[in-house]
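Working through the structure, step by step
Spelled out, the chains give:
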Amino acid sequence: MTNILNNLNPEQLEAVTLPPVNEAGNSQSAMILAGAGSGKTKVLTTRIAWLIQTGQASPVGVLAVTFTNKAAKEMLTRLSAMMPINTRGMWVGTFHGLCNRLLRAHHKDAGLPSTFQILDTQDQLSAIKRLLKSLKIDDEKYPPKQLQYFIAHAKEKGMRAKDMDRGDSFQNTMVELYQAYEEQCQREGVVDFAELLLRSYELLKHHQPIREHYQERFRHILVDEFQDTNALQYAWLKLLSGHGTSSPCSVFAVGDDDQSIYAFRGADVENMKLFERHYKPYLVKLEQNYRSYGHILDAANHLIANNTERLGKNLRTDAGHGEPVRVYEAATDGTEAAWMVDEIKSLINTGSMRTEIAILYRSNAQSRIIEHGLFSAGIPYRVYGGLRFFERAEIKHALAYLRLLENPNDDTSFARVVNFPTRGIGAKSIETLQDSAKLNNCSFYAAAPYLEGKAGTSISAFVRLIDHMRDATRHNTLPETVDYVIQNSGLIQHYLTEREGQDRVENLQELVNAATAFIAEEGFAQDTVAGTDQTEVITEMSPLAGFLAHASLEAGDNQAQAGQDAVQLMTVHAAKGLEFTNVFITGLEEGLFPHENSINEDDGLEEERRLMYVAITRAKERLFLSHTQSRLLHGQVRYNLPSRFLDELPAESLKHLTPKNKDARWGSSTTTTRMPSWSEGSDWGGPAATISRSSRSSAITVPISSLPQKDNGHGFRVGQSVFHTKFGEGRILAIEGQADQAKANVNFNRHGPKWLQLAIAKLTAID
DNA sequence: GATAGGCTGCTTTTT
DNA sequence: GCAGCCTATC
């Protein structure tokens, strides 16, 4: 029919135009198994456009849900490019964003104040710490982090405290703390991330008219990254889609079981199988890859074939073999970085953009040495991950003031800024306040008038400050309010006097800009939702409420120097969904990738393999893999074996840049545990000295002197370049003695020659 | 109440 | 190696 279908391949076309209603006149769902680089987002958005253009759906009858704000935005952008519709009223967003929308519209039925605030992970943790303190619970016995995890996982399974197994006394206390946490949140009018989902699930479940309203409205639900859904999200979708009712809607689920890498935070690939069973969907596989050359795809296919739990899918390309996958073995993490710098230089010299070069690693700790190498070589780079704009301390402080204007009962925010900047309200005063709040069963804010003495005076002054700021900004625009608050709270003043406060002042000013941008973008958000009589009504959030929700739900970018042409550094997780012409996957060593913690986890190794699969499929033209013989990790030198994943790649697609040293591969080749035999037991001579804090050493950390790597028992030879943590780089002039008695005379570039006991000195080979 | 110094722990992370 | 947390000290 229309041109939107023109540039689809046959399998994409089939997916996009699957009839949402079958011959019997009932809704028909679909599951699209979309391999990496197969045009998943294109299919999803074209599907929506096709449904609307053919009159099978109206824009307000479509709900599309994603996991990230970025994906949601991308979808909206592509949609409006495809057809002239107003996307503003459409329900396209993240699970959390859409749930927030539902709860704002039906806050009364959901049992929440209209001004409820959203706790991010940090806020939640501090709320939990505060709870434990107020209940005088020993936080050594009940670590706040563990309780946080416990609560989040319970909610992700849809369980309230009352639904939980009490078990032993520890479990029982955890459940009671969960209950107490819930009561605290309810009193304060705050919800955490998981609560957004659980609360709106319960809203739909327990309020038939509301449920039916949305079930009738959304005749088409589209789900992106279905493999990442957790149990609660699945239940939410099932409810909203009217599964099991007389007129369920059509669910269009797009996912890739091979790219499921978030089981550790509750995602359950099994949902794809459940979906097949419950919805009897059409099944379409997208296997044509438009991203990578043949050798890269062969590597990916070959690797992932080692997983047993798969729905089954094989990527193919018409692009030809392309260049082989390069494999490099380095002596140390330093030389690995140096090699990358060389390769990157020649890539740039042959015309590659720096933004088209990505360096991927399994864990963030690996980035430091790579950054060091790039920095020394003067190559601009950008690291993803880390603190994001709305997570910065100064921004969270400003937001806390703003939240108190909106909802003074938010104790988390109150506690955060009651003494910031300092106003002489110390731990003692806060304790008094906390006790009084508990006694009167009210918030900190409400408890202030009950206080007497010094604490009463200073805390009342703070409460008056909040009240004053609220009154003073009543008729202001949002940016004016933000500006007023950062000035009058004393935050700007405070950071101006602080030594390193300049950046923070700038960030605070940036917050005013963020507010301006928010108003411009949102316009401001009007929403059509079910009214009290279940007819469509238009609701409006206050700009401040909207901005605060936005700040919690979208933590903002974590980029330092956006826009610059820079090499991209990130974890493999962060790279999901992205693509680059040139990709380096570094640290391919046992213990690192696959990560040692994953080996003992259920399905842990398969998830690591999927992670490797994601990493490989990011590359378009050139893929570089590297591993090192030794690396500094957690302040220790560790000797790792090459990753088993390297063995799982097809030899004919690889090109080894360094000789593949069979002798260096001490362990057996494919068994699950590849601990070198010499690492257990004591037949290797015993450690004269471990590199540092021996009690923490893992099985694969050994003193350098005991490495059976070279014949002389200490692994070093005359003429070798070495690195010492204190003295820097140097060259070995002479070695005396045997095994753990050996001493070396090392001529350090900056410190001159020194004799070092090889069993003790922190020496690393660097050639 | 701010700051310095010691101790510990330590995948991955979006919302 | 390093951040984050706690304690000791002024």
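Residues numbered from 1 in each chain as written. Chains lettered and ligands numbered in written order. Predicted model: local features only at pLDDT ≥ 70, side-chain atom pairs only at ≥ 80, totals over all residues. Heavy atoms only, no water.

Considerations on helix α17 (residues 427-439)
Definition in use: To qualify as a helix, a DSSP run of H or I must reach at least 4 residues; to qualify as a strand, a run of E must reach at least 2; elements of each kind are numbered from the N terminus. Expected span of a helix: the number of residues minus one, times 1.5 Å. Think of it in three bands: with a 1.4 Å probe and only protein chains considered, a residue is buried below 20% of the maximum accessible area for its type, exposed above 50%, and partly exposed in between. To be clear, the arc concerns the directions from the helix axis to the C-beta atoms. We call two residues in contact whenever any of their non-hydrogen atoms come within 4.5 Å of each other.
Compared with the 18 Å implied by 1.5 Å per residue over 13 residues, the 18 Å span of α17 between its first and last C-alpha is a close match. When α17 is considered as a whole, its buried residues turn out to be Ser429, Leu433, Gln434, Ser436 and Ala437. Summarising the axial view, the buried residues of α17 lie within an arc of 165°, below the 170-degree limit, and thus occupy one face. Exposed residues pointing more than 90 degrees away from the buried face of α17 are listed as Ala427, Lys428 and Leu439. Tucked inside the fold, the buried residues of α17 contact α5 (121-134), α16 (411-417), α18 (444-447) and α19 (453-472). Immediately downstream of α17, the backbone of Asn441 shows phi near 50°, a positive value.

Comments concerning the pairing of strand β14 (residues 567-571)
In plain terms, the rule: By definition, two strands form a pair when at least two bridges between them are found by DSSP.
Of all 5 residues making up β14, 5 are buried, and the element is well covered by its neighbours. Burial along β14 is two-sided: Val567, Leu569 and Thr571 facing one way and Gln568 and Met570 facing the other are all buried. For strand β10 (residues 357-361) and β14, the ladder comprises 4 bridges, and the chain directions are parallel. Bridge pairing in β14 places Tyr361 opposite Thr571. Taken together, the 3 bridges between strand β11 (residues 381-383) and β14 define a ladder with parallel strand orientation. Counterpart to Val383 in the pairing with β14 is Leu569.

Regarding the pairing of strand β15 (residues 580-585)
Burial runs high along β15: 6 of the 6 residues are buried. Bridging between β10 and β15 involves 4 bridges; their strand directions are parallel. Pairing of Ile359 across the sheet is with Phe584, part of β15. Here β15 pairs with strand β16 (residues 619-633) via 5 bridges, running parallel. Along β16, the bridge assignment pairs Asn582 with Arg622.

With respect to the domain arrangement of chain A
The following threshold applies: Domain segmentation is taken from an automatic or database assignment of domains.
When cut into domains, chain A gives domain 1 (10-109 + 196-288), domain 2 (121-187), domain 3 (325-388 + 559-656), domain 4 (390-555) and domain 5 (720-765). On a C-alpha basis, the centres of domain 3 and domain 4 stand 41 Å from each other.

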